[in-house]
Amino acid sequence: MSAEPTRWLSAGELESWLPVGGLLLRLPAALDAQMQRDSGLSHFEYLVLANLSEAPRRTRRMSELAALANGSLSRLSHVVKRLEARGWIEREACPEDGRYTNAVLTETGWEKVRQSAPGHVAAVRALVLDALSPDDLARLGDMARRIMTRIEACGSSQVAGPAGRA
């Protein structure tokens, strides 16, 4: 298999890419800092709790929850263990298929989501939504969906490396 030549970024591409790279680093850190400051949760912990709060019976399979929260099953298991210790989540065997484990949001966990959500929404508005027009936001959502589709289609191990190999 021959290596293709590197397709370097043009000046215009680089001018657009650098702020995107900065956004990818700084936005998660800002959201995490807000959540830690206001609720004592990491942003990932909040995503786990919030995803459970939106599920039927506030219950999801652990594997589904990991995918929704964009984390590995191993990372999710560690986080769920911490959230269980706080009384916010319980684990139980999946009644439809005992090979799976469900995470269930407790009433105390539901209350934590309700207390944490207003600060998160305010941060999302202040950092992202209020900086964009409705048309900008629609375009951003469309662009993000297209990029996510590409990421999901090729997987991280399929992305070209430094030598241009897949």
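(A) Representation of unusual backbone geometry in the model. For R57, which is not glycine, the phi torsion reads 55° and is therefore positive. Residue placement: R57 occurs in the loop between α2 (43-53) and β1 (59-61). A positive phi is found at R58, a non-glycine position, where the angle reads about 50°. Considering the arrangement of structural elements, one finds R58 in the loop between α2 and β1.

(B) Structural view of the pattern of salt bridges. Counted under the stated rule, the structure contains 10 salt bridges. A salt bridge links R91 to E84; its shortest N-O distance comes to 2.8 Å. Judged by relative accessible area, which is 33%, R91 ranks as partly exposed. The shortest N-O distance in the salt bridge between R139 and D136 comes to 2.6 Å. Here the residue R139 and the residue D136 both occupy positions in helix α6 (residues 134-158), the gap between them amounting to three residues, near one helical turn.

(C) Structural view of the side chain of S116. As for its placement among the helices and strands, S116 is situated in helix α5 (residues 107-127). According to the relative accessible area criterion, S116 is buried, its value standing at 1%. Of the polar contacts made by the side chain of S116, one reaches the side chain of S39; its length is 3.1 Å.

(D) Representation of the packing of α2 against α5 within the structure. The contact between α2 and α5 brings their axes to 10 Å, and the two run at 120°. The handedness of the crossing between α2 and α5 is left-handed. For the pair α2 and α5, the contacting residues are H43, Y46, L49, A50 and S53 in the first and W110, K112, V113, S116, A117 and H120 in the second. Per-class residue counts for the contact of α2 with α5 are six nonpolar, four polar and one charged.

(E) Region of the structure containing the nonpolar core. Core analysis: the biggest nonpolar cluster contains 21 residues, and L41, V48, L49, L76, L83 and I89 have the highest contact counts within it. Counting only elements with at least two residues in this core, the list comes to α2, α3 (62-68), α4 (73-85) and β3 (101-105). Take this core: its biggest share by element is six residues, from α2. Setting aside residues up to four positions removed in sequence, L76 forms contacts with F44, V48, M62, L65 and A66.

Rules and cut-offs
Residues numbered from 1 in each chain as written. Predicted model: local features only at pLDDT ≥ 70, side-chain atom pairs only at ≥ 80, totals over all residues. Heavy atoms only, no water. Helix = DSSP H or I, 4+ residues; strand = E, 2+ residues; numbered from the N terminus. Salt bridge = Lys/Arg side-chain N within 4 Å of Asp/Glu carboxyl O. Buried < 20%, exposed > 50% of the residue type's maximum accessible area, 1.4 Å probe, protein only. Polar contact = N/O pair within 3.5 Å; in protein donor to acceptor, adjacent residues only side chain to side chain. Axes fitted to C-alpha atoms, helices over the stretch in contact; angles between N-to-C directions. Left-handed = near helix turned anticlockwise from the far one by under 90°. Contact = heavy atoms within 4.5 Å. Nonpolar A, V, L, I, M, F, W, Y, C, P; charged D, E, K, R; others polar. Core = buried A, V, L, I, M, F, W, Y, C linked by side-chain atoms within 4.5 Å.

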